[in-house]
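A closer look at the structure
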Amino acid sequence: MAAPDLLDPKSATHNTKPRLSFSTKPITLTSPEDSEVVATVMKRKTVTAIFLLVVLYLVMGATVFRSLEQPHESAQRLAILSQKLEFLSRHSCVNQSQLEELVRQVVSAIRSGVNPGGTLTNHSSLWDLSSAFFFAGTVITTIGFGNISPHTEGGRIFCIIYALLGIPLFGFLLAGVGDQLGTIFGKGITRVEKMFVHWDISQTKIRVISTLLFVLFGCLLFVALPAAIFKHIEGWSALESLYFVVITLTTIGFGDFVAGGSEIEYLDYYKPVVWFWILVGLAYFAAILSMIGDWLRVISKRTKEEVGEIRAHAAEWTANVSAEFKETRRRVSVEIYDKFQRAASIKRKLSSELGFGPAPELTVAKRTVSINFNDERDKNERDAGLQGLMTPLVRNGGLFMNGLDPERGDIIIEHL
């Protein structure tokens, strides 16, 4: 049975075999319809903000590098100028044009990767098999130290074709090595977590400790140990060795320090071994950068969730306040309407007892009702009037109900 093609979504959906990688996150294969829903596109404002942040970071870096390196550059320029003048003063047989021509030849040789110092008999070739193998490795890894480069037309044409074919091939190899390293380190992290489980430590602390141990062990294996080896073999300082390791494994590759570029005798397998170290180290550094990216995405996601929760709480509070205000207004309206209906009922009852004709129905448009809601005594007197208490009734252009005086403003019913 043939293995399913990972690039074919139809066959990939039936491949349920888990894959381990540095991210230690399970890979879920979804249908194209689900992937359209899950996939998110970064907003334009977010891209603009990140772009401005990167530009600000570049400006800051440019300012720091200029302040650190420009004085050294000026000092070197003055030093070489003074040496040229001193050489011309000591050797009168050499004029300035001849000296400048010699300097141009030296610079051209250095750019070609040839060391102009010493004699030609003790120099090894930069294009022997091991050196050419190392150069080919720097091409497909996109490091490109720049200490050597093709200078013939045939070499440059072949380098273009070789890079276009080799870079994707190396990408597949790097992904495979990364998966294998992820499997190895994943098993190691699992064992470490099992050791900490027996202690009274939270799961979050266990995960942080195991991740830090993974990072420290990787730095020791792929950074510190190679730096010590390069320091011993190349004769560099500790800072220069560490500088070369980091610049190489991040694929920057300035070329000012290159393993195997010194004027010493190297073993034939030295540069191929260095390239294999670059391969494994690139996989490790890619895992570290991916881990940092995952942390930043998690932090960004948590920030968005917190902002969403704050907005949800604010909307809920606003809705509650609005609902409470509407309920209070409805309750007050009902109370006013009930009291108004009670006053109308009292008037109709009194009118029927006194033998008056039926008064027109009280409506809000024809009556003005003013009620004192705070005086409990008025309520008692009104209840007493309904029970038929013997209080004299007087009709003198108005209606004085049982013990209720309109002058006090208890209940006033006026015809508009």
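Below or above, wherever it landed, is the structure these notes cover. (Residues numbered from 1 in each chain as written. Predicted model: local features only at pLDDT ≥ 70, side-chain atom pairs only at ≥ 80, totals over all residues. Heavy atoms only, no water.)

**Considering helix α7 (residues 203–234)**
In an α-helix, one turn spans 3.6 residues, which is why side chains three or four residues apart end up on the same side. The criterion, for reference: Secondary structure is summarised from DSSP: a helix means a run of H or I of at least four residues, a strand means a run of E of at least two, and numbering begins at the N terminus for each. One less than the residue count of a helix, multiplied by 1.5 Å, gives the span that helix is expected to have. Fitting axes to the seven residues ending at a residue and to the seven starting there, one defines the bend at that residue as the angle between these axes. Exposure classes here rest on a 1.4 Å probe applied to the protein chains alone. A residue is buried below 20% of its type maximum, exposed above 50%, and partly exposed in between.
When the terminal C-alpha atoms of α7 are compared, their 45 Å separation across 32 residues agrees well with the 46 Å that a helix rising 1.5 Å per residue should span. Along α7, the sharpest kink reaches roughly 40 degrees, centred on Leu220. Regarding α7, the residues found buried are Ile206, Ser210, Thr211, Phe214, Gly218, Phe222, Val223, Pro226, Ala227, Phe230 and Glu234. Looking one or two residues beyond α7, the residue adopting positive phi is Gly235, at roughly 80 degrees.

**Concerning the pattern of salt bridges**
Threshold: Each salt bridge in this description consists of a side-chain nitrogen of Lys or Arg and a carboxyl oxygen of Asp or Glu lying within 4 Å of one another.
Evaluated as defined, the whole model comprises 6 salt bridges. Glu73 is the partner of Arg77 in a salt bridge, and the nearest nitrogen-oxygen pair spans 3.2 Å. In this pair, Arg77 and Glu73 both sit in helix α3 (residues 44–90), 4 residues apart, roughly one turn of the helix. On the basis of relative accessible area, Arg77 is assigned to the partly exposed category, the value being 48%. Take Glu73: its relative accessible area is 42%, and that puts it in the partly exposed class. In this structure, Glu327 and Arg331 form a salt bridge, with 3.7 Å as the shortest nitrogen-oxygen distance. With Glu327 and Arg331 both in helix α9 (residues 270–354) and 4 residues apart, the pair spans about one turn of that helix. You can call Glu327 partly exposed: its relative accessible area is 31%. One network of salt bridges, with partners in common, ties together Glu327, Arg330 and Arg331.

**Re unusual backbone geometry**
Notably, Thr142 is not glycine yet its phi reads approximately 60 degrees, a positive angle. Here Thr142 is to be found in the loop between α5 (129–140) and α6 (153–197). Classification of Thr142 by relative accessible area gives partly exposed; the value is 42%.

**Observations concerning the packing of α3 against helix α4 (residues 96–111)**
The packing of two helices is summarised by the inter-axis angle and the distance between the axes. Note the cut-off: To obtain each axis, a line is fitted to C-alpha atoms, and for helices this fit is confined to the stretch in contact; angles are then taken between N-to-C directions over 0 to 180 degrees. Under this scheme an angle from 65 to 115 degrees is roughly perpendicular, one under 35 degrees roughly parallel, and one over 145 degrees roughly antiparallel; angles in between are oblique. We call a crossing left-handed when the near helix sits turned anticlockwise from the far one by less than a right angle, and right-handed when that turn is clockwise. Contacts: residue pairs with any heavy atoms within 4.5 Å of one another. Each residue gets one of three labels, nonpolar for Ala, Val, Leu, Ile, Met, Phe, Trp, Tyr, Cys and Pro, charged for Asp, Glu, Lys and Arg, and polar for the others, Gly among them.
One can describe the packing of α3 onto α4 by two numbers: an axis separation of 11 Å at closest approach and a directional angle of 130 degrees. Taken as axis vectors, α3 and α4 run oblique relative to one another. Classified by chirality, the crossing of α4 by α3 is right-handed. Of α4, the residues touching α3 (which contributes Lys84, Phe87 and Leu88) are Gln96, Leu99 and Glu100. Along the lines of polarity and charge, the residues of the contact of α3 with α4 split into 3 nonpolar, 1 polar and 2 charged.

**A look at the environment of Leu164**
Its location among the elements puts Leu164 in helix α6. Leu164 sits in the exposed class, given a relative accessible area of 63%. Put simply, Leu164 and Ile140 are 24 residues apart on the chain and 8.4 Å apart in space, counted from C-alpha to C-alpha.

**Details of the nonpolar core**
Here is the rule: As used here, the term nonpolar core means buried Ala, Val, Leu, Ile, Met, Phe, Trp, Tyr and Cys residues forming a set that is joined through side-chain atoms within 4.5 Å.
Ranked by size, the top nonpolar core spans 33 residues in total, and within it Phe214, Phe230, Phe244, Val245, Val274, Trp277 and Ile278 carry the most contacts. Mapped onto this core, the elements with two or more residues apiece are α5, α6, α7, α8 (238–249) and α9. Beyond its immediate chain neighbours, meaning those up to four positions away, Phe244 contacts Phe145, Phe230, Trp236, Phe257, Val258, Ala259 and Trp277.

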